[in-house]
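These are the residues of each chain, in order.
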Amino acid sequence: MDYARTITLDLPYEKAVPTVKEAFQEQGFGMLTEIDVQATLKNKLDADMEPYVILGACNPQLAHRALDIDRQIGLLLPCNVVVRADGDNQTVVQALDPQVMVTVPELDQLQPIADEAGQRINTALDALTHRSV
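In what follows, the accompanying structure is described.

**Focus: the sheet that holds strand 4 (residues 80-85)**
Alright, step 1. Spatially, 1-5-4-3-2 is the arrangement adopted by the five strands of the open sheet, whose pairing is antiparallel. Strands with a single pairing partner mark the edges of an open sheet, and in this sheet they are strand 1 (4-9) and strand 2 (30-36). Averaged over all pairs of adjacent strands, the angle between their axes in this sheet comes to 20°, without regard to strand direction.
Alright, step 2. One ladder, built from six bridges, connects strand 1 with strand 5 (residues 91-96); its direction is antiparallel. Opposite Arg5, over in strand 5, you have Ala95 as the bridge partner.
Alright, step 3. On the sheet, helix 1 (residues 13-25) packs against strand 1, strand 2, strand 3 (52-58), strand 4 and strand 5 and is oriented at approximately 160° with respect to strand 4.

Structure, rendered in structure tokens:
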């Protein structure tokens, strides 16, 4: 099962991160957290890796609707957006496919929420693709 929606931007990582945040904010996602995985692994394990950040993106209205259906769904909300360097001038952006929150718990009531979240995520990713060209 492919659980990510992935694009590659022709932007260096340093420019891509703020651009990704902006595109998702335009679709109603606030950035609740930002985890610098590269720095964390270097600090804790002295391990090297490419620049890599996990953004905790949340659309409060969609999250509230999903949580009203199933309180456990917080474990599967499509909140994480990964931004990682792929060479010097390219960046990979990945977002969790919201259909995961329907297929894993097998709750059809979540389908409209997953569909709307998916549309918003696709719109953000499409906007990013067109900006980097």
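On we go.
**Details of the pattern of salt bridges**
Alright, step 1. One pass over the full model with this rule turns up seven salt bridges.
Alright, step 2. The partner of Asp48 in a salt bridge is Lys42, with the nearest N and O atoms 2.9 Å apart.
Alright, step 3. Classification of Lys42 as partly exposed rests on a relative accessible area of 37%.
Alright, step 4. In this structure, Glu116 and Arg120 form a salt bridge, with 3.1 Å as the shortest nitrogen-oxygen distance. Taken together, the residues Glu116 and Arg120, both in helix 5 (residues 111-132) and four residues apart, mark about one turn of the helix.
Alright, step 5. The class of Arg120 is partly exposed, set by a relative accessible area of 26%.
Alright, step 6. Linked through salt bridges whose partners overlap, the residues forming this network are Lys42, Asp46 and Asp48.

What counts as what
Residues numbered from 1 in each chain as written. Predicted model: local features only at pLDDT ≥ 70, side-chain atom pairs only at ≥ 80, totals over all residues. Heavy atoms only, no water. Pairing = 2+ DSSP bridges. Helix = DSSP H or I, 4+ residues; strand = E, 2+ residues; numbered from the N terminus. Axes fitted to C-alpha atoms, helices over the stretch in contact; angles between N-to-C directions. Contact = heavy atoms within 4.5 Å. Salt bridge = Lys/Arg side-chain N within 4 Å of Asp/Glu carboxyl O. Buried < 20%, exposed > 50% of the residue type's maximum accessible area, 1.4 Å probe, protein only.

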